[in-house]
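Report on the structure
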Amino acid sequence: MTHTLIDDFGRRVSYVRLSVTDRCDFRCVYCMSEEMTFLPRAQVLTLEEIGQVARAFTELGVEKIRLTGGEPLVRRNIGELVSAIGALPGLKDFAMTTNGAGLRRHAEALKSGGLRRLNVSLDSLDAERFRRLTRTGDLAKVIDGIHAAQDAGFHRIKLNAVVLKGRNDDEVIDLVEFARRERLDISFIEEMPLGDVSDHSRAETYCSSDEVRELIESRHPLTATTEATAGPSRYFRMADSDTRVGFISPHSHNFCASCNRVRVTVEGRLLLCLGNEHSVDLRAVIRRYPGDGERLKAAIVDAMPLKPERHTFTTDGDVQVVRFMNMTGG
Ligand code: SAM
Ligand code: SF4
């Protein structure tokens, strides 16, 4: 069996994002609607099944795994999965994206289980506005969670901020100052048209990375770096700080040509592209042939030709993919 995953456009898949739950303790306005129906348990992969998927990918040459969701820290016994994945040979990078609210409780176990890096989503430093954007979130708890993670030994934690015009674009500089003070990296994300959110019109709130960059440069000149991480961010540095500023710009700077990623939803659907519906049902393979890693790997290899060349997101506010981001695994 081949030991690398290469798609029809010559891109090597080396990075997998695994969604470990569709549930969340927040209801961010760009990610979920206020009333959400979550998946029944039988449809959700067990932790053991997610572990099998992770193992299959590492045996196929995947070097980076990110756990996401939904909110990974609301999945019961998430520490067990982290330890199982942390012990897989061949893994060079192991990360999690979290809303941060559960970090005070979980940071130490994550660190000792082998998790290496954390991304924490933070869109506002104003407690009331934070509550409005997340509908349920408590800012103080998230900031305390970041500190707990630093105390547990996580370095270079990265903040992720989705910028919405008229909602939080006036906080871009404050967020950069916060990152500098706390010795964090920060990435600004353009909102993607995933799921039909009732809260706002995406065409009106679209804020391009170039606009965000201009705002930052009015205070801190940015120099482009050639640093490549395995993800879609373009990175910049400031002369007087370690903090890196990244931009994830699905609309304005298409990153598909260098895409090395696939995603697996918590239902075990292998998604070949964030912006398309092409997928393969890995859960069916796992449940039909329990414990048969070779069949699982064959299904993954066979899925590679389905990876499309690019996404086709536009900024006109249309929903182009009906999945919500919590289903996709951000
Ligand atoms: N709950 C975790 C969190 O919020 O970090 C992990 C899952 S969340 C879906 C992953 C990332 O996707 C977050 O940084 C969030 O801000 C981002 N996100 C959610 N919906 C989005 C959208 N429609 N466009 C762009 N980013 C989005
Ligand atoms: Fe939850 Fe993350 Fe979606 Fe916010 S962005 S609702 S924290 S899954």
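Use the structure listed above.
Description of the structure in this document. (Residues numbered from 1 in each chain as written. Chains lettered and ligands numbered in written order. Predicted model: local features only at pLDDT ≥ 70, side-chain atom pairs only at ≥ 80, totals over all residues. Heavy atoms only, no water.)

**Quick look at the sheet that holds strand S8 (residues 234-237)**
- With mixed pairing, 12 strands are arranged side by side in an open sheet as S7-S8-S9-S6-S5-S4-S3-S2-S1-S10-S11-S12. Each edge of the open sheet carries a strand with a single partner, namely strand S7 (223-224) and strand S12 (279-281).
- Examined bridge by bridge, strand S1 (residues 15-19) and strand S2 (residues 64-68) share 5 bridges and lie parallel to one another. Within S2, the residue paired with Tyr15 across the bridge is Lys64. (Pairing = 2+ DSSP bridges. Helix = DSSP H or I, 4+ residues; strand = E, 2+ residues; numbered from the N terminus.)

**Examining the site of ligand 1**
- Near ligand 1 you find 19 residues, and of these Tyr30, Gly70, Glu71, Ser121 and Met192 are the closest.
- Between ligand 1 and Gly70 there is a distance of 3.0 Å, counted from a nitrogen atom to a backbone nitrogen or oxygen.
- With respect to ligand 1, the side chain of Ser121 contributes an N or O atom lying 2.5 Å from an oxygen atom.
- With the chains in place, 95% of the 540 Å² that ligand 1 exposes on its own is no longer accessible.
- Mapped by element, the contributors of at least two residues to the shell around ligand 1 are strand S3 (93-98) and strand S5 (158-162).
- In terms of residue class, the shell around ligand 1 is made up of 6 nonpolar, 9 polar and 4 charged. (Near = heavy atom within 4 Å. Polar contact = N/O pair within 3.5 Å; in protein donor to acceptor, adjacent residues only side chain to side chain. Areas by Shrake-Rupley, 256 points an atom, 1.4 Å probe, with all protein chains shown as cover. Nonpolar A, V, L, I, M, F, W, Y, C, P; charged D, E, K, R; others polar.)

**Topic: the pattern of salt bridges**
- If you walk through the whole model with that rule in mind, you get 21 salt bridges.
- The salt bridge involving Glu59 is made with Arg55; its shortest N-O contact spans 3.8 Å. Placement of the pair is Glu59 and Arg55 together in helix H1 (residues 47-59), with a separation of 4 residues, close to one helical turn.
- When the shortest N-O distance is used, the salt bridge between Arg129 and Asp170 registers 2.8 Å. Taken together, the residues span a long stretch of sequence, with Arg129 in helix H4 (residues 127-134) and Asp170 in the loop between S5 and helix H6 (172-182) at a distance of 41 residues.
- Among the charged side chains, a network of salt bridges with common partners joins Arg55, Glu59, Glu294 and Lys297. (Salt bridge = Lys/Arg side-chain N within 4 Å of Asp/Glu carboxyl O.)

**Brief notes about helix H3 (residues 103-112)**
- Taken as a whole, H3 has its buried residues at Leu103, His106, Ala107 and Leu110. The arc enclosing the buried residues of H3, seen along the axis, measures out at 125°, which places them on a common side. Seen from the buried face of H3, the exposed residues on the opposite side, beyond 90 degrees, are Arg105, Glu108 and Ser112.
- In this structure, the buried side of H3 is in contact with helix H2 (78-86), S3, strand S4 (117-121) and helix H5 (139-151).
- In the segment just after H3, Gly114 is the residue with positive phi, at about 105°. (Buried < 20%, exposed > 50% of the residue type's maximum accessible area, 1.4 Å probe, protein only. Arc of directions from axis to C-beta. Contact = heavy atoms within 4.5 Å.)

**What to know about the packing of H3 against H5**
- Packing of H3 against H5 leaves a shortest axis separation of 8 Å and a crossing angle of 20°. Between H3 and H5, the crossing angle belongs to the class labelled roughly parallel. The handedness of the crossing between H3 and H5 comes out as right-handed. Facing Leu103, Arg104 and Ala107 of H3, the residues of H5 in contact are Asp144, Gly145, Ile146, Ala148 and Ala149.
- The class makeup of the residues in the contact of H3 with H5 is 5 nonpolar, 1 polar and 2 charged. (Axes fitted to C-alpha atoms, helices over the stretch in contact; angles between N-to-C directions. Parallel < 35°, antiparallel > 145°, perpendicular 65-115°, else oblique. Left-handed = near helix turned anticlockwise from the far one by under 90°.)

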